[in-house]
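Fold and geometry: a report
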Amino acid sequence: MFNRADPLRVQYSHQLLLEMFCQHFGIPYEDNFDTHPDFENLRDRFNAIKEIVMRAKRQVTTGIFDPTALEDPVARVFAIRYENLKTEANAVDFEDMIIHAANLLETNPDLRQTYCDRYPYVLVDEFQDIAPADFRLIECLSKNLFAVGDDDQAIYGFRGGNSEIMLEFTDRKEVTTYEITRNYRSTSTIVEHARALIERNAPRIRKDLRAYNPVKQHIKIVETTPETVAATLLHELESPEETAVLARTNYETDQIQAMLANDPTAPEVTTIHKAKGREWEKVILIHNTLERRFPRRDSTLTEERRVFYVAMTRAKLELVVLGGRCPFVPEFEEISRNLGYYLRQFVYWRARRIAKK
């Protein structure tokens with residue numbers, strides 16, 4: 001916070017955070033403030049306000065951030081105080097580094113040319129998750145851009161990420177697009193069901209998702225309640241496969257860990273966002289049974305569907321979906337009833353390929 005905390009000193013960083021929201025809410029700070037009865041509520045309020053400010057900073061496309069332009073009155077007051085404190089401390093935060101760097105290059109053509117000459121090519125990974133401020137800086141550096149991403153896995157809108165930047169970029173006439181549509185991780189059953197889910201999203205880049213692994217294996221969908229989820233989970237963990245248990249929130253992962261209460265053979269339990277980019281032989285996805293979180297009300301339906309899609313595609317061989325009612329489950333579940341149709345389509349496609357040869 002304000003460039004004063006050593007990143008390795010977590011406790012000190014936590015203390016600074018407490019001091020800051022105590023100042024903001026006009027509450028006297030005490031060493032053991034985290035035991036205060038209103039601590040949880042105040043922390044949630046503080047984090048919500050802070051996210052509004054940081055998300056607004058990631059949307060800056062010209063000049064520098066103006067805290068007085070925020071519509072939310074509480075966030076506006078907080079942002080003004082926050083920016084003033086940083087100025088007094090001669091400090092910047094991560095968003096400032098991006099905004100000020102872009103503004104510096106835009107207003108100093110010679111400096112911009114110096115960096116363009118030094119870095120003639122730019123590679124951007126996870127392109128679907130960049131924010132407008134990020135893209136502003138990227139475009140300042142080079143016209144020779146190689147971007148890698150999957151708009152179906154854009155799940156960081158709450159941090160300011162905007163997958164529509166990728167959609168608009170691929171529509172440019174000067175951009176050449178290379179599609180990588182073959183999935184080498186999951187069975188064809190998982191890919192087909194995940195595809196049935198994600199194709200309901202719009203706008204998105206249309207792609208012919210296919211699996212390299214032709215194995216057909218039933219996806220298990222079990223409706224659970226808070227009273228039955230523990231027993232069902234323990235039953236599913238009896239299999240020998242490398243397994244991970246995924247949930248929507250840290251609150252839910254804590255509950256799941258408690259259900260498993262010191263088992264040395266317990267699987268990895270993590271949130272879907274932390275699981276992104278990883279894979280396991282078997283994935284157990286728990287939703288809407290410990291806490292109603294799919295879809296979240298503070299997110300868009302398209303992004304929530306992408307989060308569910310990311311969870312499904314972490315599984316290599318076996319996918320188990322445990323939970324209560326969720327609108328996304330029927331969207332991919334119906335493909336099981338029509339699996340015969342897809343098998344016939346596959347046979348027809350293979351026959352045409354052989355005939356052409």
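For clarity, every value in this text was computed on a predicted model and none was experimentally measured. (Residues numbered from 1 in each chain as written. Predicted model: local features only at pLDDT ≥ 70, side-chain atom pairs only at ≥ 80, totals over all residues. Heavy atoms only, no water.)

**Notes on the overall build of the protein**
What the protein contains, in helices and strands, is 14 helices and 9 strands. Scored against the burial criterion, the 357 residues of the protein give a buried share of 41%. As presented, the protein carries roughly 20700 Å² of accessible surface, and 51% of it is formed by carbon and sulfur atoms. (Helix = DSSP H or I, 4+ residues; strand = E, 2+ residues; numbered from the N terminus. Buried < 20%, exposed > 50% of the residue type's maximum accessible area, 1.4 Å probe, protein only. Areas by Shrake-Rupley, 256 points an atom, 1.4 Å probe, with all protein chains shown as cover.)

**Some thoughts on the side chain of Glu 304**
Along the chain, the position of Glu 304 falls in helix α12 (residues 301-312). Here Glu 304 is in contact with Arg 248, Arg 293, Phe 294, Pro 295, Arg 296, Ser 299 and Phe 328, once residues within four sequence places are set aside. (Contact = heavy atoms within 4.5 Å.)

**Side note on the pairing of strand β9 (residues 315-323)**
Among the 9 residues in β9, 7 count as buried, and that is most of the element. In this structure, strand β5 (residues 220-223) lies alongside β9, joined through 4 bridges in parallel fashion. The partner of Val 222 across the bridge, within β9, is Leu 322. Where strand β8 (residues 280-287) and β9 come together, 7 bridges link them in parallel fashion. (Pairing = 2+ DSSP bridges.)

**Comments concerning the packing of helix α4 (residues 94-107) against helix α6 (residues 132-141)**
One can describe the packing of α4 onto α6 by two numbers: an axis separation of 9 Å at closest approach and a directional angle of 35°. As α4 runs across α6, the sense of the crossing is left-handed. Residues Ile 98, Ile 99, Ala 101, Ala 102, Asn 103, Leu 105 and Glu 106 of α4 form the contact with α6, whose own contacting residues are Ala 133, Asp 134, Arg 136, Leu 137, Cys 140 and Leu 141. Here the contact of α4 with α6 is composed, by residue class, of 9 nonpolar, 1 polar and 3 charged. (Axes fitted to C-alpha atoms, helices over the stretch in contact; angles between N-to-C directions. Left-handed = near helix turned anticlockwise from the far one by under 90°. Nonpolar A, V, L, I, M, F, W, Y, C, P; charged D, E, K, R; others polar.)

**Brief notes about helix α8 (residues 188-198)**
Most of α8 is tucked away: 8 of the 11 residues are buried. Every buried residue of α8 is listed here: Ser 188, Thr 189, Ile 190, Val 191, His 193, Ala 194, Leu 197 and Ile 198.

**Quick word on the packing of aromatic side chains**
Evaluation of the coordinates by the stated rule reveals 11 aromatic pairs. With centroids separated by 5.9 Å and ring planes inclined at 45°, the aromatic side chains of Tyr 156 and Phe 158 adopt a geometry described as tilted. On the basis of relative accessible area, Tyr 156 is assigned to the buried category, the value being 15%. Since its relative accessible area comes to 41%, Phe 158 is described here as partly exposed. Here the aromatic cluster, defined as three or more aromatic residues joined through ring pairs, consists of Phe 294, Phe 308, Phe 328 and Phe 332. (Phe/Tyr/Trp six-rings, centres within 6.5 Å; stacked < 30°, edge-to-face > 60°.)

**Here we look at the pairing of strand β3 (residues 182-187)**
Here β3 runs beside strand β4 (residues 210-213); their pairing, made up of 3 bridges, is parallel. Bridge pairing links Asn 183 to Ala 211 in β4. Handedness of the crossover joining β3 and β4 through α8 is recorded here as right-handed. (Right-handed = clockwise from strand over helix to strand, strands pointing away.)

**A closer look at the nonpolar core**
Core analysis: the largest hydrophobic core is formed by 30 residues, its most contacted members being Leu 246, Ile 272, Phe 308 and Leu 319. Counting residues per element, the ones that place at least two in this core are α8, β6 (243-247), α11 (272-275), β8, α12, β9 and α13 (328-337). Element by element, the count of residues in this core is highest for α12, at 6 residues. Leaving out residues up to four positions away in the same chain, Leu 319 has contacts with Ile 190, Ile 219, Lys 220, Val 283 and Met 312. Membership of the second largest hydrophobic core comes to 18 residues, among which are Phe 46, Met 54, Leu 70 and Ile 99. (Core = buried A, V, L, I, M, F, W, Y, C linked by side-chain atoms within 4.5 Å.)

**Considerations on the sheet that holds β5**
Across the sheet, which stays open at both edges, the 5 strands sit in the order β5-β9-β8-β6-β7 with parallel pairing between neighbours. Across the chains shown, the open sheet's two edge strands, defined by having one partner strand only, are β5 and β7 (268-271). Direction aside, the axes of adjacent strands within the sheet are offset by 20° on average. Against the sheet, helix α9 (residues 229-236) touches β5, β6, β8 and β9, its axis set at about 175° to β8.

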